[in-house]
Amino acid sequence: MAVHIVADENIPLIDEFFADIGTITRVAGRTMSAADLSAADALLVRSVTQVNESLLAGSNVKFVGTATIGTDHVDQDYLQQHNIGFRSAPGCNAQAVVDYILSALSVLNDSRGQAFTDLTVAIVGVGNVGLLLRQRLEEMGVAVLAVDPFKDPQDVGELVSLDEVLQADVISLHTPLTTDGEHATRHLINAERLQRMKPDACLINSCRGAVVDNRALQQHMLAQPEFEAILDVWENEPELDLELMNRAMLATPHIAGYSLDGKMRGTEMVYQGLCECFGVPVRRKLAQFLPEPGIKMVTFTDQVPMNQALRTAIRAAYEIRVDDGVMRSAMIRASHQGDGSLRATFDQLRRDYPLRRDIPRLKVAVPSKCHDLQDTLKAAGFDVRAK
């Protein structure tokens, strides 16, 4: 049976995984319409496509796959009601987001002359990303607070109240975007909760833009000049509040999870779901397609200080300041052009993003006698080799 697959043009390895299953039509995810699905049997998307009745009604789509960990862009009730198979990619880019947070923290530490172990980091949302981040930080000796009303402490470790996590040095958000129920996350971080944070706290948002009231954040930063924000996601994407971007310590275009490993892993997971839905044998595995990393190894001597080595290794894997600089210059240029240039530039930054590799892909050579350094780098996720 040949399956006609309509896929977001920015999903990697589409041909490698799906070419022998049927025909593939690539479509721009942001502008995908019902007309694009007129002959489709399967739909593969990313988070920029809203999958709902208006997109799917009248189509013959039998399977929807999203190569993302988030699913708030997919109306799963509609899929279930119409017997349409569904697969997401939970955890596919968890490592990439953790790498993003570690790089961000390293920049924050540099600006304040401190080490990772000087921080108390709060994690809001202990799903695949939040749990991995917690494990990494705690193994690195960082004090961690965590809150998640939907998790059992036996599964994710000790949990505290939201009031308690607001007193941390760094608050890192890892929740889905929800609008209903007792624990709705839209504007979870609002003006009142910002006021309860430390005046010099740092807020990191790498989940969904609207989890933070962006207007309230901008006003809070104006009133509290020592307060820092590191933002990868924005309300009303791809629209962007340039004033908020200018006030942020680091600003990036929704790419925290954009590692090559993570995106390819997401493709593999939806491939497996499609095969299951259509009764097709699973013939492809990610290991067949992963290339060698651009940087294979970082080597340290026994003279390097611990904090310097950790910072250097993290930024060899991912240097967040490069993405910050590229985004700022591109968005400022676009702001002078008008005519929707900001929206187009934001999407272009994501589409043309030079995919990085995950921290565990980077080998780090450390003198065999430097046991503490080896342990710290292993805790951060590196492939440590004693020399």
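Heads up: these notes are all about the structure in this document. Think of each chain on its own: its residues are numbered from 1, step by step along the sequence as written. Two thresholds apply to this predicted model, a pLDDT of at least 70 for residue-level local features and 80 or more for giving and counting side-chain atom pairs, whereas whole-chain, interface and lining totals are computed over all residues. With hydrogens and water stripped out, all remaining heavy atoms of the structure feed into the side-chain values.

1. Considerations on the overall build of the protein
Alright, step 1. The way it works is that DSSP assigns letters per residue, a run of H or I at least four long becomes a helix, a run of E at least two long becomes a strand, and they are numbered from the N terminus. The secondary structure content of the protein amounts to 15 helices and 14 strands.
Alright, step 2. We compute the radius of gyration over the C-alpha atoms and compare it with the globule rule, which gives 2.2 Å times the number of residues raised to the power 0.38. A compact globule built from 387 residues would reach a C-alpha radius of gyration of about 21 Å, and the protein, at 21 Å, matches this within 12%.
Alright, step 3. Projected onto its principal axes, the C-alpha coordinates of the protein cover approximately 60 × 50 × 50 Å.
Alright, step 4. Relative to its 387 residues, the protein shows a buried fraction of 55%.
Alright, step 5. Contact between two residues is taken to exist if any of their heavy atoms lie within 4.5 Å; hydrogens are not considered. Considering only contacts within the protein whose residues lie at least 6 apart along the sequence, 62% involve residues at least 24 apart.
Alright, step 6. Taken as a whole, the protein presents about 16800 Å² of accessible surface, with 46% of it coming from carbon and sulfur.
Alright, step 7. Only four residue types enter the tally: Lys and Arg on the positive side, Asp and Glu on the negative side, with His and both chain ends excluded. Charged side chains are reduced to one point each, which is NZ for Lys, CZ for Arg, CG for Asp and CD for Glu. Separation between the mean location of the 38 positive side-chain charges and that of the 51 negative ones in the protein comes to 6 Å. A simple rule labels every residue: compare its accessible area, found with a 1.4 Å probe on the protein chains alone, to the largest value its type can have, and call it buried under 20%, exposed over 50%, or partly exposed in between. Areas reported here follow the Shrake-Rupley algorithm with a probe of radius 1.4 Å; residue values treat only the protein chains shown as occluding.

2. Brief notes about the pattern of salt bridges
Alright, step 1. In what follows, salt bridge is the name for a side-chain nitrogen of Lys or Arg lying within 4 Å of a carboxyl oxygen of Asp or Glu. Counted by the stated rule, this structure contains 24 salt bridges.
Alright, step 2. As a salt-bridge pair, D261 and R361 come within 2.8 Å of each other at their nearest N and O atoms. With D261 in helix 11 (residues 260-278) and R361 in the loop between helix 14 (341-351) and strand 13 (363-366), the pair connects residues that are 100 residues apart, well separated along the chain.
Alright, step 3. Accessibility expressed as a relative area gives 0% for D261, which makes it buried.

3. Side note on the sheet that holds strand 6 (residues 120-124)
Alright, step 1. Think of it this way: DSSP has to see at least two bridges between two strands before they count as a pair. In spatial order, the strands read 7-6-8-9-10-11; together these six strands make up an open sheet with parallel pairing. What marks the edges here is a single partner per strand, and that holds for strand 7 (143-147) and strand 11 (250-251).

4. Describing the packing of aromatic side chains
Alright, step 1. Within 6.5 Å between ring centres, the rings of Phe, Tyr and Trp (the latter by its six-membered ring) count as paired, and their orientation is classed by plane angle as stacked under 30 degrees, edge-to-face over 60, tilted in between. Applying the stated criterion across every chain, the model contains five aromatic pairs.
Alright, step 2. Aromatic pair F17 and Y271: ring centres 5.1 Å apart, planes at 45°, arrangement tilted. Pair noted here: F17 is in helix 1 (residues 14-18) and Y271 is in helix 11, with a separation of 254 residues, a long-range link. Of the two residues, F17 and Y271, neither departs from the other in class, the shared state being buried.
Alright, step 3. An angle of 70° between the planes, with centres 5.1 Å apart, marks the rings of F17 and F289 as edge-to-face. Taken as a pair, F17 in helix 1 and F289 in the loop between helix 11 and strand 12 (297-299) lie far apart in primary sequence, 272 residues in all.
Alright, step 4. The buried category is assigned to F17, whose relative accessible area is 0%.
Alright, step 5. Members of the aromatic cluster, connected to one another through ring pairs, are F17, F18, Y271 and F289.

5. Overview of the sheet that holds strand 12
Alright, step 1. One open sheet holds the three strands; their spatial order is 12-13-14, and the pairing between them is parallel. Strands at the two margins of the open sheet, each flanked by one partner only, are strand 12 and strand 14 (383-386). With direction set aside, neighbouring strand axes in the sheet form an average angle of 25°.
Alright, step 2. The pairing of strand 13 with strand 14 spans four bridges and is classified as parallel. Looking at strand 14, one finds that V364 is bridged to V384. To get an axis, a line is fitted to the C-alpha atoms, and for a helix only the part in contact is used. The angle between two axes follows their N-to-C directions and goes from 0 to 180 degrees.

6. Focus on the side chain of D232
Alright, step 1. Along the chain, the position of D232 falls in the loop between strand 10 (228-231) and helix 10 (242-247).
Alright, step 2. Buried and unpaired, D232 has no salt bridge, with R350 as the nearest side chain of opposite charge at 7.1 Å.
Alright, step 3. Polar contacts involving the side chain of D232 include one to the main-chain amide nitrogen of A256, which spans 2.9 Å.
Alright, step 4. Once residues within four sequence positions are removed from consideration, D232 is found in contact with Y100, N205, S206, E237, T252, P253, H254, I255 and A256. Two N or O atoms form a polar contact when they lie within 3.5 Å of each other; inside protein one atom must be a possible hydrogen donor and the other a possible acceptor, and for residues adjacent in sequence the pair counts only when both atoms belong to side chains.

7. Describing unusual backbone geometry
Alright, step 1. In this structure, P238 follows E237 across a cis peptide bond, with omega equal to 5°.
Alright, step 2. As for its position among the elements, P238 is in the loop between strand 10 and helix 10.
Alright, step 3. Although it is not a glycine, L13 sits at a positive phi angle of roughly 60°.
Alright, step 4. Turning to its location among the elements, L13 is positioned in the loop between strand 1 (3-8) and helix 1.
Alright, step 5. Unlike most non-glycine residues, N236 shows phi in positive territory, near 65°.
Alright, step 6. The topology assignment puts N236 in the loop between strand 10 and helix 10.

8. Points about the environment of I255
Alright, step 1. In this fold, I255 is placed in the loop between strand 11 and helix 11.
Alright, step 2. Overall, I255 belongs to the buried group, its relative accessible area being 0%.
Alright, step 3. A sequence separation of 94 residues divides I255 from L349, and the C-alpha atoms of the two residues are 8.9 Å apart.
Alright, step 4. The contact partners of I255, leaving out residues within four places of it in the chain, are Y100, D232, Y318, D323, R350, Y353 and R356.

9. With respect to the packing of helix 13 (residues 320-335) against helix 14
Alright, step 1. Relative orientation of the contacting elements helix 13 and helix 14 amounts to 155°, with a least axis distance of 8 Å. Put simply, helix 13 runs roughly antiparallel to helix 14. In this structure, helix 13 crosses over helix 14, and the sense of that crossing is right-handed. Of helix 14, the residues touching helix 13 (which contributes V326, M327, A330, M331, A334 and S335) are S341, L342, T345, F346 and L349.
Alright, step 2. Along the lines of polarity and charge, the residues of the contact of helix 13 with helix 14 split into eight nonpolar, three polar and no charged. Between 65 and 115 degrees an angle is taken as roughly perpendicular, under 35 as roughly parallel, over 145 as roughly antiparallel, and anywhere else as oblique. In this scheme the crossing of two helices becomes right-handed for a clockwise turn of the near helix relative to the far one and left-handed for an anticlockwise turn of less than a right angle. When residues are grouped by polarity, Ala, Val, Leu, Ile, Met, Phe, Trp, Tyr, Cys and Pro land in nonpolar, Asp, Glu, Lys and Arg in charged, and all others, Gly among them, in polar.

10. Re helix 5 (residues 128-139)
Alright, step 1. To estimate the expected span of a helix, count its residues, drop one, and scale the result by 1.5 Å. With 12 residues, helix 5 should reach 16 Å at 1.5 Å per residue; the first-to-last C-alpha distance of 17 Å fits that figure.
Alright, step 2. Phi turns positive, to about 90°, at G141, one or two residues after helix 5.

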